[in-house]
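Residue-level structural notes
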Amino acid sequence: MDVSDLIDPLNPAQREAVSAPLGHALVLAGAGSGKTRVLTHRAAWLVRVEGATPWNLLAVTFTNKAAAEMRGRIEERLGISRSGLWVGTFHGLSHRLLRLHWQEAGLPQGFQILDSEDQRRLVKRIMRDLELDENRWPVRQLQGFINARKDAGERAEDLDSADPYTGQMARVYAAYEQACRSAGVVDFAELMLRTVEMLQNHLELLGHYRRRFRHVLVDEFQDTNGIQYEWLKLLAGPESDVFIVGDDDQSIYGWRGARVENLERFRKDYSNTRVLRLEQNYRSTRTILDAANTLIARNSDRLGKKLWTEGEAGEPIALYAAFNEQDEARFVVERLMAMVDEQGLARSDIAILYRSNAQSRTFEEALMARRVPYRVYGGLRFFERAEIKDALAYLRLMANRDDSAALERIINTPTRGIGNRTVETLRIAARDQGISLWAAARGLVTHGGGLPARAGNALRAFLDLIDGLAADTAGASLPECMETMLTRTGLRAHLGKDGSERAQDKLENLDELITAAGNFEQDNTAEAEMEPLTAFLAHAALEAGEGQAGAWEDCVQLMTLHSAKGLEFPVVFLAGLEEGLFPHRMSVEEPGRLEEERRLAYVGITRARQQLLISYAERRRLHGRDDFAIASRFIRELPPALVDEVRARFSVTGPTAAGTGPGEGAATATEAEFGLGERVQHSRFGEGIVLDCEGNGPNARIQVNFNSAGTKWLVAAYANLERI
DNA sequence: AATCCCTTTATTTTT
DNA sequence: TAAAGGGATT
């Protein structure tokens, strides 16, 4: 059998992983070590060498993008398409299982999925019903609590209600679950938990899948949470082999429940696990890898891994100490423009990475001022836009009248005379009778019940509108159905009624929704059994779409470090490396959280192929306040020999520029003597803090804020300042 | 029902 | 600073 196409392109470590004998394997794959290739080749190997069929494989990822890529590459290696291969995200696969076995799962056939925003609205609704003070019990906190409990596999009744605090939250959890049940909806965490419970309670199903999935492959294992680990342990039975790939050094989602310990746990739970390491890196220069290795070596409890390359040392890492965030942006943009103009680099080869989203603004302004095309990743996704969610809420209600969350969203959008009073009456009736809002409305309209005539008429008109739409669009195609809905509900007219640009955007988004519905293909067995509308709504919830349009243009890429994971760029600007910002002040206290910040820095550094440029600002305007900052400890943790300090503000000539490490070399004597923020003593003005330095040599001036004498510029040579 | 004004809050995010 | 949400006002 010729498997040279699977084996030849691999290095020895990759080869060992791909062709490992059957059994469990844990592949510790460093950044840029070819883990996706190993995973896909392993899948193909199992079929072509070990005699598995695609039907025997289960491949799990975290994002839809990764799932699509893996499916494509496995099918390519196998020369097949549309086989019985199950590749998907944890949530996508759970969804599929629940659709196939909705009865066993105790769900209505047309159940729908709540996204985070839907969930938050619902939790808020519940808390108002329970008359909880939202200041004492923030909604987001309750939402986080519920999700965290579900991620740990716990139901409300599993919680310790003796503790008053937990007890109160458990009450909300229970009421929320009840509301989800009666509306026939599930949230993201519920997809996982419900699947686990279903398999535990239906051993015949469990046995079936365990017999089927002889080979389970998992990507990004360091990102799994408690329930995902349980899910895997269930589906991979005693006869199955589990092949997992992960990198403890790239675990950056601990704050949302990911458990790096699952890597170790796996090794204990699955006996005879073969542990393999992929340490050869094909992405970055030696300089970049050395920097990354040195930085991450400071973390404790690592599984241990050291990246190496056969490639060139490459450019040193550039470090720029900016005066403020605008100077930082100016430096970044001027540098990248020079690279594009002089080295012929594509703009899309350049990324600006930062710790928090708020930092993007300054870069956007600088880029815009110089007319450099750019793209900011993150932000609102297509299916999360308000107008799209309004439209989807109508569709959800058409598919399932009991979806009270959807009803609440659009019952008075556009305004149709159903105000808060009326809706409140509905809520009370629904709660008292234990029925959905729709059923309550139906009851009030048909039997009367204290509604003013005008409200009753408006409510009847609404009920008739939805019923009429559902009846008239039965059998219509999805786009036709949407078109009818948008017109008859008045939603389109409502959204477009002021002719503003914003309104125009919304109308265009609605058109795009219709297009998306037209392009939507039901492509798997579970969905084939579903109503097209139900399938489309699930698709909208599970795959929220792209963040920003404009990807076709050759754009500079702006994103947070978190969203950069998994990507690579020839040139990376890592901005805002300041204490308090990165590492973030909220994470510096706890050692564990600080180490996660360090891993984030490691992820950022290892995104760069050729060149890495790091910057920080000595003062930064944040929340309307100008603050002084000192360079991030992560800068100090890099090997000085690999870092070239750029001092664009001062044209430095002469022998003082000869050194190399940060803090010397290009830095002037003055700067070496007095760091920003340092406390100094002056013979006349007393104590003060160094704010700024300018110039070098005998002309150097230094700005000091004195406790009593105020802020002054002094000539360093004459000032005779003493460090305190 | 729309508008204004005040308070609050500001890390990271996929499903 | 600035954005978003909530409450009160018109």
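Here we summarise the structure given alongside this text. If you're wondering where the values come from, they're calculated on a predicted model, not measured in any experiment. (Residues numbered from 1 in each chain as written. Chains lettered and ligands numbered in written order. Predicted model: local features only at pLDDT ≥ 70, side-chain atom pairs only at ≥ 80, totals over all residues. Heavy atoms only, no water.)

**Points about the sheet that holds strand β6 (residues 215-218)**
Taking strand neighbours across the sheet as the criterion, the 6 strands line up as β3-β2-β6-β7-β1-β8 in an open arrangement whose pairing is parallel. Bordering the open sheet on either side are β3 (86-89) and β8 (274-278), each of which pairs with just one other strand. Taking the axes of each pair of neighbouring strands and ignoring which way they run, one obtains an average angle of 15° across the sheet. Pairing analysis gives 4 bridges linking strand β1 (residues 25-29) to strand β7 (residues 241-246), with the strands arranged parallel. Counted as the bridge partner of alanine 25 is phenylalanine 243 from β7. (Pairing = 2+ DSSP bridges. Helix = DSSP H or I, 4+ residues; strand = E, 2+ residues; numbered from the N terminus. Axes fitted to C-alpha atoms, helices over the stretch in contact; angles between N-to-C directions.)

**Comments concerning the nonpolar core**
If you look at the biggest cluster of nonpolar residues, it comprises 63 residues, and the most contacted ones within it are Leu58 and Trp231. The element best represented in this core is helix α9 (residues 164-183), accounting for 8 residues. In terms of domain composition, this core takes at least three residues from each of domain 1 (4-102 + 193-279) and domain 2 (112-183). Not counting residues up to four positions away in its chain, the partners in contact with leucine 58 are Trp86, Leu93, Phe213, His215, Val216, Leu217, Trp231 and Leu235. Counting 50 residues, the second largest nonpolar core, distinct from the first, contains Phe382, Ile410, Leu426 and Ala535. (Core = buried A, V, L, I, M, F, W, Y, C linked by side-chain atoms within 4.5 Å. Buried < 20%, exposed > 50% of the residue type's maximum accessible area, 1.4 Å probe, protein only. Domains from an automatic or database assignment. Contact = heavy atoms within 4.5 Å.)

**Considering the protein's contact with DNA strand C**
In the neighbourhood of DNA strand C, the contacting residues comprise Lys124, Arg361, Arg621, His623 and Gly624. The sugar-phosphate backbone supplies 53% of the atoms of DNA strand C found within 4 Å of the protein. Classifying every residue of the surface near DNA strand C by side-chain character gives no nonpolar, 2 polar and 3 charged. (Near = heavy atom within 4 Å. Nonpolar A, V, L, I, M, F, W, Y, C, P; charged D, E, K, R; others polar.)

**Let's talk about the protein's contact with DNA strand B**
Asn64, Ser116, Arg355, Thr560 and Arg593 are the nearest of the 26 residues found near DNA strand B. Each atom of DNA strand B within 4 Å of the protein was classed as base or backbone; sugar and phosphate made up 53%. A distance of 3.4 Å separates a base oxygen of DNA strand B from a polar side-chain atom of tryptophan 255. Here a phosphate oxygen of DNA strand B and a side-chain polar atom of arginine 381 are 3.0 Å apart. Looking at side-chain class alone, the surface near DNA strand B contains 6 nonpolar, 16 polar and 4 charged residues. (Polar contact = N/O pair within 3.5 Å; in protein donor to acceptor, adjacent residues only side chain to side chain.)

**Describing unusual backbone geometry**
For residues that are not glycine, phi is negative in most cases, and the peptide bond is trans in most cases. A cis amide bond links threonine 413 to the next residue, proline 414, at an omega of 0°. Tracing the backbone shows proline 414 in the loop between α18 (404-410) and α19 (420-433). Non-glycine residue glutamate 220 carries a positive phi angle of around 50°. Relative to the helices and strands, glutamate 220 is located in the loop between β6 and α12 (226-235). For asparagine 272, which is not glycine, the phi dihedral falls at a positive 60°. Structurally, asparagine 272 can be placed in the loop between α13 (261-269) and β8. Accessibility expressed as a relative area gives 73% for asparagine 272, which makes it exposed.

**Regarding the pattern of salt bridges**
Using the criterion set out here, one finds 56 salt bridges in the structure. In this structure, arginine 125 engages aspartate 129 in a salt bridge whose closest nitrogen and oxygen atoms are separated by 3.6 Å. Within this pair, arginine 125 and its partner aspartate 129 are both found in helix α7 (residues 116-129), separated by 4 residues, close to a single helical turn. In this structure, arginine 599 and glutamate 596 form a salt bridge, with 3.4 Å as the shortest nitrogen-oxygen distance. Highlighted residues: arginine 599 and glutamate 596, both in helix α28 (residues 591-605), separated by 3 residues, approximately one helical turn. Judged by its relative accessible area of 12%, glutamate 596 falls in the buried class. (Salt bridge = Lys/Arg side-chain N within 4 Å of Asp/Glu carboxyl O.)

Everything listed here is a matter of coordinates, which is why it stays silent on function.
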